[in-house]
Every structure is written in structure tokens, then in C-alpha cells.
Amino acid sequence: RKRAAAKHLIEHYFLQLTEGCGNADCKNEFCASCRDFRPLDNNAAAVKALELYKINAKLCRPPPLKKESDSPSLDSGPSPLDLSDADYSDVHYLTETTVCMILSLCEEEGDYSPLVRVIGRIFSSADALMKSFRKDEASEPLGTAASSKEALGDVSDLCEVTVDLCAVRRVYARLLAIDQVEQAFVNALIHLSANMELDLEYLNVYETSPDYLNIFVIVMENSNLHSPEYLEEALPQFCRALVKLPVSGLARLSKLWSTCGLAHVRHVTETFQQLITFTVVSHEYDGENLVNDDETVVAATQCLKVAFYASIQGGDVDVGNDEEDEQDEASDELTLHELLGEEQLYRKGPWVDPLQKELSVRPIDGTKPLVPFEDFINESLNEVLEVDRDFTFFKVNEDVKFSFQSCPFILTVFNKSRGLYYDNRISMYSERRRSAFYSMTQDTEPNPFLKLKVRRDHIIDDALVQLELISTEKPSDLKKQLFIEFEGEQGFDEGGLSKEFFQLVLEEIFNPDIGMFTYDDDTRVFWFNSSSLENEAQYTLIGLVLGLAIYNNCILDLHFPMIVYKKLMGKKGTFSDLSDSHPVQVLSRSLKSLLEYPGNVEEDMSLSFQISHTDMFGSPVFYDLKENGEQIPVTRDNRQEFVNLYTDYMLNKSVETQFRAFKKGFLMVTQESPLKHLFRPEELELLICGSKKLDFGALEETTEYDGGYSKDTPIIKDFWETIRAFEEEQKRLFLQFISGTVRAPVGGLGKLKMTIAKNGSDTDSGCPTSHTCYNILLLPEYSSKAKLRERLLKAITYAKGFGMM
């Protein structure tokens with residue numbers, strides 16, 4: 001029969017490629033007896049045998065017959081392949097050789113139904129798929145010591161699995177090109193996933209068989225998973241099964257993906273993102289039907305987390321270079337929840353991701369991930385997410401409902417900032433209620449606010465004295481809503497006076513005459529002055545100001561390099577920070593030149609491990625990077641050590657006292673907030689300083705009108721034409737006039753929610769005024785565009801203080 005003849009010829013080619021014909025003078029390049037022949041393993045020989053069969057290649061004299069037990073098999077393992085069986089019912093697992101053999105014979109017959117049946121049967125069986133596509137060196141049967149629970153050990157020992165990934169990819173490449181096979185994969189995955197979900201949830205199969213992870217590895221190699229055929233049912237079901245893996249299994253899978261390179265991590269990321277987006281846009285969500293209730297979106301997000309950590313581990317990682325955490329002294333004051341007996345209902349302290357803990361890697365450790373952090377944000381999800389409800393699920397210490405704040409990589413900075421805002425407001429209201437509770441039990445006047453009464457011309461002294469007293473005697477008051485009163489001025493602080501207070505404090509603190517910070521004209525950023533004569537309390541104050549600004553949702557016009565925010569989040573400065581953002585860029589260029597210098601470093605540069613710099617008075621300051629540094633020359637061999645120590649001194653040790661005090665003040669307010677969990681350093685800068693990009697077009701689109709104005713009112717049209725014609729500095733002045741800051745809020749100017757209200761008719765003396773608390777512009781209806789421009793410029797140029805209202 002034709003099938004038997006094909007089998008006979010292919011086996012002859014296979015034996016010729018592996019055993020040879022026995023002729024020492026053989027000239028056949030496809031024979032192992034030929035001198036120029038390069039040996040092949042069994043898999044490669046089987047594939048080559050099929051190719052030779054198709055082209056009817058030269059076949060040497062058949063080798064002598066061997067006993068069946070001695071002859072090599074095309075499919076080694078417990079279930080040899082019998083090609084004479086049209087249903088291939090004896091195929092209990094797959095290898096590349098087996099697939100190629102079946103595929104070749106199906107092509108010969110022009111009928112792919114036997115292949116479809118095999119694919120459907122193997123890929124729908126967890127046991128069969130777990131045994132398939134094994135590496136030669138990892139073919140021990142399941143249950144041996146190598147795969148037992150006792151052999152699990154450290155996660156790093158298991159980043160390698162027993163799957164031959166290259167073989168799996170070659171098989172998929174051939175099979176997915178066949179239209180008839182696609183549906184078999186889809187149907188098999190649906191059946192497989194349902195069984196795996198039950199196995200993992202109720203039988204704990206991974207605990208007894210770590211090779212169970214092979215199934216997930218093989219399935220995720222399918223390059224078509226993000227196509228519509230899979231998105232409806234197969235992929236959602238698979239994701240629900242994947243997240244049933246224990247944390248150790250998820251960590252092992254993440255480690256494996258991290259070793260597969262950029263292309264694979266991006267494929268996995270895009271697959272899960274496609275499923276999330278497809279599901280979100282296919283459904284409608286509301287207050288009764290939250291996206292948090294959608295099992296598919298939740299499962300896909302949790303799967304995306306595995307890819308997120310794989311991207312970090314596969315890129316450039318900075319692990320272990322951490323600042324020492326500040327340890328807060330335990331407060332003797334009872335929280336409101338403790339007073340009311342509710343402490344068990346609410347999460348206490350920062351939340352730690354179990355997968356992050358298992359892998360011992362954090363988002364902040366990823367200096368350059370394989371896939372950019374921005375690619376993990378899903379805009380469709382963020383648009384339908386009800387952040388207030390989602391934050392409630394995150395805050396309550398019960399696994400009642402999933403919160404996307406536990407996967408902050410998928411959220412926009414704007415939504416994360418809203419989550420932080422809710423957390424801060426909850427703390428404020430709790431402190432307010434606690435104050436009322438104490439006032440009733442102790443018969444004292446309630447004090448629901450953090451009240452600061454300051455003089456404009458002594459704002460630093462007044463703020464420092466009051467904040468020092470509060471932080472020492474009653475630090476919990478720092479968690480109350482800030483209320484500023486300028487002495488001698490009228491006005492009730494509903495946010496606007498606080499904004500002005502922060503800005504005035506910053507102007508004073510960063511004044512070069514004070515000497516707390518140095519300013520670099522090239523980079524336009526401030527850095528801590530290691531020679532400052534100011535005491536630590538001053539630096540603690542500026543740290544407190546940053547913390548209070550975040551806590552009270554105020555944006556500051558700060559100009560720090562990124563390393564400041566990294567250090568606040570717990571990382572030390574490294575050479576890359578020096579070259580990217582430290583003020584002394586000449587230094588970073590010099591150190592880079594030293595590392596790249598091809599000549600004799602010791603003789604040509606005459607450097608030692610003693611360095612010098614000038615203090616604020618211009619006097620030289622010497623420092624030994626190592627003991628007896630002056631006596632240790634810098635050579636080609638130790639120059640990297642020199643650069644590392646120099647960088648550590650400039651970014652960490654030289655300003656250790658100043659930065660420790662600064663961070664202490666910052667943590668007084670933010671220690672218990674989810675800030676470090678939600679934000680990366682670059683996002684923290686955006687949260688504190690707002691966006692530098694000023695899109696006034698977005699502001700125009702979102703502005704609302706009141707008092708008889710609309711977007712079609714002539715004065716409003718003149719107003720926006722005037723704003724568009726302003727120079728950049730004039731636009732910044734206008735932004736400060738209306739909002740109290742020259743920066744856009746997180747999310748851009750479109751999130752400012754400005755309102756323009758009519759403030760009477762044209763007069764000779766009236767200028768536009770504003771309520772910075774609510775971003776309201778009170779605009780008279782001027783008779784001409786020229787008069788509008790003249791009055792608006794006067795208002796934004798000379799406005800300062802509540803008295804301008």
C-alpha cells in the first residue's frame with residue numbers, strides 16, 4: 001500500500017542519516033558513512049528523512065536488517081508511532097518528529113483529517129500535552145525525583161522547563177499555515193482549559209507535578225492566540241486556568257518568559273492586552289455591572305502581571321542598590337478604626353504584591369524593561385473603570401472583589417492619582433471624625449484641620465515652627481486637611497490659599513541666597529548643597545511640603561532631577577543617574593571618558609582614589625573614596641570601581657545628612673499611603689509637579705461656562721483667540737492666575753475643569769479675577785478684543801494674594 005511504502009522509504013532515509021550504509025568510501029552527502037557528513041540528532045534526522053523522501057533523493061544500499069529492538073525509532077518514548085494506523089490512536093503525546101511524519105503523509109494523501117484528530121486529542125489532554133515536545137535531556141517520566149515536589153527548591157532553579165521551545169515553535173509555524181488545523185486548536189484549548197482550571201483549583205496538580213507548567217508554555221507559543229477565533233471563549237478560559245497556578249508557578253513562568261527575549265514577551269503582552277481590550281469594548285459597564293466583575297478582564301489582567309514582571313526581569317535590572325528604609329516609631333495614638341473596633345476591616349500598611357515578593361523584584365528595579373512600561377497601560381479599561389469603587393475594593397482588607405489597583409501597571413497615572421486622592425481623603429475624614437470623637441469624650445474644641453497661620457514676609461520661620469511642633473507632639477494632625485491663613489488678610493482657604501502657600505515656601509527655600517540647594521544653568525535643576533549651613537529641620541520642612549502637597553492634591557513648580565524621586569522611592573543613585581540628570585554633567589562626561597580611555601590610565605591621567613570639590617565658599621574639600629585613597633592610583637583595572645565610588649559619593653554620601661532629613665519629612669505624611677505601590681519615580685514627579693506640556697487646546701475643549709456665557713458668545717471667542725496668541729510665558733502666567741500653578745495637572749490641561757463665568761458688563765476699571773480653589777475665571781463682558789487683552793494681561797501680571805479677588 002502507498003502508506004506502507006512511504007513509511008518504508010522514510011525509515012530507510014532515517015537509518016541512512018543516523019547509521020549510514022556501512023561503506024567507508026561512501027560519497028552520498030545524505031549518508032552518515034560519508035566523510036563530509038555532519039551528524040544529526042534523531043529529530044533533525046527525521047525531518048531530513050521526510051525532505052529526502054519528497055525529492056526522491058539518492059538512497060544508498062539498504063543497511064542489513066536489524067532486530068526491532070535494536071533499530072532506532074522515529075519517535076522515541078513509551079508510545080511508538082504506528083504509521084499504518086489511519087487514526088493514530090496509539091499516539092499518546094507529540095514530538096516534532098511525530099508531527100512532521102503525520103503531516104507529510106497527510107500532504108501525500110491530500111487529507112488532513114487524521115492530523116486534525118491527533119491535534120484535537122493531544123492538545124485537549126493535560127497529561128498528553130505535558131509529556132509532549134520534551135527536551136532529550138529531560139525525558140524522565142513524571143514522578144521521578146527530578147520533577148517531584150521536593151525538587152522544587154528555589155524559583156531560579158526552575159526557570160528552565162522540559163519543553164523544547166524551538167521544536168514547539170517550528171511545529172506551530174507549520175501547523176498554523178493549514179486552515180483546517182486552526183479550529184482544532186481552538187476547540188482543544190476550550191476543553192483543556194476547563195479541565196486545567198478544575199485540576200489546579202481542587203487537585204493542586206502543580207504541587208505534585210511541576211511539569212504541569214509545560215502546558216502553559218506550549219499553549220502560549222501559539223502566535224494566533226490574539227486572533228478573533230480565540231478571543232471569544234478559548235483564550236478567556238485559558239486565562240482563568242493560568243491564574244489558578246500557585247504564586248510559585250506564576251513566578252516560574254514569569255522567569256521563563258523573561259529568558260525568551262523581546263519578541264516573545266511582546267507577543268505574550270499583546271495577547272493579553274488584546275483580550276482585555278476586546279472584552280471591554282464588547283461589553284457595557286455601569287454602576288451595577290462593574291468591569292471588576294468581568295472574570296475575563298480580571299483574569300487577563302492577572303496574566304498580564306506575569307508578563308509585566310517577565311519584561312522587567314528580561315531587561316536591565318538594578319536589584320539590591322536600595323536606600324535604607326526609614327523606620328517610623330510606633331504611634332501611641334489610636335486610629336479611628338481602632339477606636340471603633342473596625343481595625344480588622346481595613347488594610348493596614350502598604351500592600352505588597354505576592355508575585356513581586358516571590359520574584360524579589362519590584363517595578364522600580366527595572367531600569368530598562370524589555371517592553372516599555374507604557375505598553376502595559378490599557379486605555380480602554382481605564383475609560384470604563386470606576387476608580388472610587390475600585391479603590392474601595394483595594395482598601396478593604398478582604399478578598400471580596402478584585403481591584404485593578406493591585407495591578408497598577410495597567411492604570412494611567414491619572415487614574416492612579418485619583419486612587420491616591422481617595423486614600424488621602426479617607427485619611428482626612430478619619431482624622432476629622434477622630435478629632436470630633438476626642439472632643440466629645442474630653443470636652444475640648446474639635447480641631448478638624450491642619451491649620452497654619454503664617455506671615456508672608458516670615459513664611460519659612462512661621463511654617464517651620466508650627467510644623468515642627470505638630471510633627472513632634474501630634475504627628476497624626478499632618479493627615480488632616482491643610483488650612484492656610486495669611487496674617488492680616490481676608491479669605492477662607494478652600495484650596496487656593498494652600499496652593500499659594502506652597503509656591504511661596506518653594507520660592508523662599510530654593511532662593512540661591514539661602515544656599516540649601518545649588519542650581520545648574522545647563523540642566524535647570526536643583527541639587528542638595530552638601531556644604532549648606534542650614535540645619536536639618538529646614539530640609540525636613542521641604543520634605544514635609546512635598547508630602548503635604550501630594551496629600552492635599554496641590555501641584556508644585558519643582559525642578560529636581562529624576563534621581564531625587566528615585567531616592568524618595570527607595571533607590572540609591574548610580575552612574576546612569578549622574579549622566580542623565582545630575583547637575584554636574586561635565587563630571588559625568590569625564591567619568592565616561594575615563595571608562596572608555598584606550599591608553600595608559602595611570603600614567604596619562606594621574607588620578608587617585610582621593611577626590612576634591614569646592615564648598616559654597618570656594619574652598620577645596622578632599623575626600624578619600626577608599627582608605628588612604630591618595631596613595632591608590634586609578635588604573636585600567638580599577639577604574640570602574642573608582643567611577644562607582646565617585647558616583648556613590650556625589651549622589652548619596654555627600655548629601656546623606658540633607659537627604660535623610662528631607663526624606664524624613666516626606667515620609668511623615670506619605671509613609672502609610674499606597675504611593676510606593678502605585679507609582680514609579682517618573683510618575684511621582686508627574687504627581688508632584690504636574691505636566692510640563694501645556695495643551696491649551698485641550699483646556700478650551702473641556703472648559704465650561706456660566707452666567708450667560710457659552711462657547712459661541714463673542715467675548716468667549718475673543719478670549720480664546722487672545723489666549724492662543726499669547727507667548728509661552730504669558731500662557732504660564734495665565735495658568736498660574738487661574739489655577740495657582742504653572743504646571744498642568746496629571747492627565748493634562750483637559751483635566752483642569754476650568755469654568756469661565758460672566759462678571760458684569762464692560763467697565764473702565766474692572767479686571768478679570770479668579771477663584772484658584774475651583775479654577776473659575778470671572779470675566780467681564782468687554783466691549784472689544786483689544787480691551788479684553790489689555791485687562792487680562794494686567795490681571796495675570798500683577799495678581800498675587802487673596803486681596804486681588
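All figures in this text were calculated on a predicted structure; none of them were measured in a lab. Here the residue index of a chain counts from 1 through its sequence in written order. This being a predicted model, a pLDDT of at least 70 is required before a residue's local features are given, and a value of 80 or more before pairs of side-chain atoms are given or counted; all residues contribute to the totals for chains, interfaces and linings. As a rule here, side-chain values come from all non-hydrogen atoms in the structure, and water together with hydrogens is ignored.

**Student:** Looking at this structure, I do not really get the overall build of the protein chain. What am I missing?
**Tutor:** Scanning the protein chain from N- to C-terminus turns up 34 helices and 12 strands. Residue exposure ignores everything except the shown protein chains as possible cover, and the areas themselves are Shrake-Rupley values with a 1.4 Å probe. Taken as a whole, the protein chain presents about 38,600 Å² of accessible surface, with 48% of it coming from carbon and sulfur. Strands here are runs of E lasting at least two residues and helices are runs of H or I lasting at least four, both read from the DSSP assignment and numbered beginning at the N terminus.

**Student:** It is not clear to me how the nonpolar core should be interpreted in this structure. Could you clarify?
**Tutor:** Most often, soluble globular proteins keep nonpolar side chains buried together rather than apart. What is meant by a nonpolar core is a set of buried Ala, Val, Leu, Ile, Met, Phe, Trp, Tyr and Cys residues, joined one to another through side-chain atoms within 4.5 Å. Relative accessibility under 20% of the residue-type maximum defines a buried residue, over 50% an exposed one, and the middle range a partly exposed one, all with a 1.4 Å probe and only protein chains included. Counting 114 residues, the largest nonpolar core has Phe 123, Tyr 212 and Phe 404 as its most contacted members. The biggest single contributor to this core is helix H14 (residues 295-314), with 12 residues. Any two residues whose heavy atoms approach within 4.5 Å are treated as being in contact. Phe 123 has contacts with Leu 94, Leu 129, Phe 133, Tyr 172, Phe 185, Ala 188, Leu 192 and Ile 218, leaving out every residue within four places of it along the chain.

**Student:** Would you take a moment to explain helix H3 (residues 96-109) for this structure?
**Tutor:** Note that an α-helix has 3.6 residues per turn; residues three or four places apart therefore point the same way. Expected span of a helix: the number of residues minus one, times 1.5 Å. Under the 1.5 Å per step criterion, the end-to-end length of H3 is 20 Å for 14 residues, consistent within 8% with the ideal 20 Å. Taken across its 14 residues, H3 has 11 buried, putting it largely inside the fold. One or two positions beyond H3, positive phi appears at Gly 110, with a value near 75°.

**Student:** Could you clarify how one ought to interpret the confidence of the model for the protein chain in this entry?
**Tutor:** A low pLDDT score tells you not to read the predicted coordinates there in detail. pLDDT measures the predictor's confidence residue by residue and takes values from 0 up to 100. Of all residues in the protein chain, 85% have pLDDT values of 70 or greater, and the mean over the chain is 84. Every residue in residues 63-85 is under pLDDT 50, and counting partners more than four places away or in other chains gives 42 contacts. Segment residues 328-332: pLDDT under 50, and 2 contacts once partners within four positions in sequence are set aside and those in other chains are kept.

**Student:** Can you walk me through the pattern of salt bridges in this structure?
**Tutor:** Once the charged atoms of two side chains with opposite charge are near each other, the side chains can pair. By definition here, a salt bridge exists when the distance from a side-chain nitrogen of Lys or Arg to a carboxyl oxygen of Asp or Glu is within 4 Å. Evaluation of the coordinates by the stated rule reveals 35 salt bridges. Taking the shortest distance from any N to any O, the salt bridge between Asp 365 and Lys 571 comes out at 2.9 Å. Placement of Asp 365 in the loop between helix H16 (354-359) and strand S2 (366-368) and of Lys 571 in the loop between helix H23 (562-568) and helix H24 (575-581) is noted, with a sequence separation of 206 residues between them. Like Asp 365, the residue Lys 571 is buried in the burial classification. The residue Arg 456 makes a salt bridge to Glu 489 at a minimum N-O spacing of 2.4 Å. You can see Arg 456 sitting in the loop between strand S3 (449-454) and helix H20 (459-473) and its partner Glu 489 sitting in the loop between strand S4 (481-486) and helix H21 (496-509), a full 33 residues away along the chain. Arg 456 sits in the partly exposed class, given a relative accessible area of 28%. A relative accessible area of 28% means that Glu 489 is categorised as partly exposed. Sharing partners across several salt bridges, the network here consists of Asp 318, Asp 322, Arg 362, Asp 365 and Lys 571.

**Student:** Please explain a nonpolar patch on the surface as it appears in this structure.
**Tutor:** Taken together, the side chains of Leu 198, Tyr 202 and Leu 203 make up a nonpolar region of the molecular surface, amounting to roughly 360 Å² of accessible area. Among the structural elements, Leu 203 can be located in helix H7 (residues 179-203). Judged by its relative accessible area of 57%, Leu 203 falls in the exposed class. Nonpolar side chains (Val, Leu, Ile, Met, Phe, Trp, Tyr) within 5 Å and like charges within 9 Å form the patches, drawn only from residues with over 30% relative accessible area and no salt bridge.

**Student:** Before we go on, may I ask you to explain the state of the cysteines in this structure?
**Tutor:** Covalent bonding between the sulfur atoms of two cysteines defines a disulfide. Only a pair of cysteine sulfur atoms within 2.5 Å qualifies as a disulfide here. A complete count under the given rule lists 0 disulfides for this structure. Cys 26 supplies the cysteine sulfur nearest to Cys 34, a cysteine that is in no disulfide, at a spacing of 5.8 Å. Overall, the relative accessible area of 9% leaves Cys 34 in the buried class. Unpaired in terms of disulfides, Cys 303 finds its nearest cysteine sulfur in Cys 239, a separation of 4.0 Å.

**Student:** So what exactly am I meant to see when it comes to the packing of aromatic side chains here?
**Tutor:** Given two aromatic rings, one states the distance between the centres and the angle between the planes to describe the pair. Two aromatic rings from Phe, Tyr or Trp, using only the six-membered ring of Trp, form a pair when their centres are within 6.5 Å; if the ring planes differ by under 30 degrees the pair is stacked, by over 60 it is edge-to-face, and anything between is tilted. Summed over all chains, the structure comprises 36 aromatic pairs. When the ring of Phe 308 is compared with that of Tyr 309, the centres are 5.4 Å apart and the planes differ by 70°; the resulting orientation is edge-to-face. The class for Tyr 309 is buried, based on a relative accessible area of 3%. Ring-pair connections join several aromatic residues into one group, and the members of that group are Phe 510, Phe 517, Tyr 519, Phe 526, Trp 527, Phe 528, Tyr 539, Phe 560, Tyr 565, Phe 659 and Phe 662. Cation over ring: Arg 456 sits above Phe 486, and NZ or CZ is 4.2 Å from the ring centre. Lysine and arginine charges are scored as sitting over a ring when NZ or CZ, respectively, is within 6 Å of the ring centre and within 35 degrees of the ring normal. Between Lys 626 and the ring centre of Phe 609, over which it is positioned, the NZ or CZ distance is 5.2 Å.

**Student:** Can you help me understand unusual backbone geometry in this one?
**Tutor:** Of all residues except glycine, most have a negative phi; of all peptide bonds, most are trans. For Asn 553, which is not glycine, the phi torsion reads 60° and is therefore positive. Relative to the elements of secondary structure, Asn 553 occurs in the loop between helix H22 (536-551) and H23. Phi is positive for Asn 628, close to 60°, though the residue is something other than glycine. Here Asn 628 lies in the loop between strand S8 (620-624) and helix H27 (639-651). Given a relative accessible area of 51%, Asn 628 falls into the exposed group.

**Student:** Where do I start with the side chain of Ser 124 in this structure?
**Tutor:** For Ser 124, the position within the fold is in the loop between helix H4 (113-122) and helix H5 (126-131). Using a relative accessible area of 16% as the deciding quantity, one classes Ser 124 as buried. With residues up to four places along the chain from it excluded, the contact list for Ser 124 reads Ile 119, Ala 188, His 191, Leu 192 and Asn 195.

**Student:** Can you walk me through the sheet that holds strand S11 (residues 769-771) in this structure?
**Tutor:** Think of a sheet as strands paired side by side through backbone hydrogen bonds, with each pair either parallel or antiparallel. For two strands to count as paired, DSSP must find a minimum of two bridges between them. Within the open sheet, the 4 strands sit side by side as S9-S10-S12-S11. Their pairing is mixed. One side of each edge strand has no neighbouring strand; the edge strands of this open sheet are strand S9 (704-706) and S11. Between one strand axis and the next, the sheet turns by 30° as a mean value, whatever way the strands run. Note that strand S10 (residues 755-761) and strand S12 (residues 776-781) share 5 bridges and pair parallel. For Thr 755, the partnering residue across the bridge sits in S12 and is Ile 776. Lines are fitted to the C-alpha atoms to define the axes, a helix being fitted only along its stretch in contact, and any angle between axes, read from their N-to-C directions, falls within 0 to 180 degrees.

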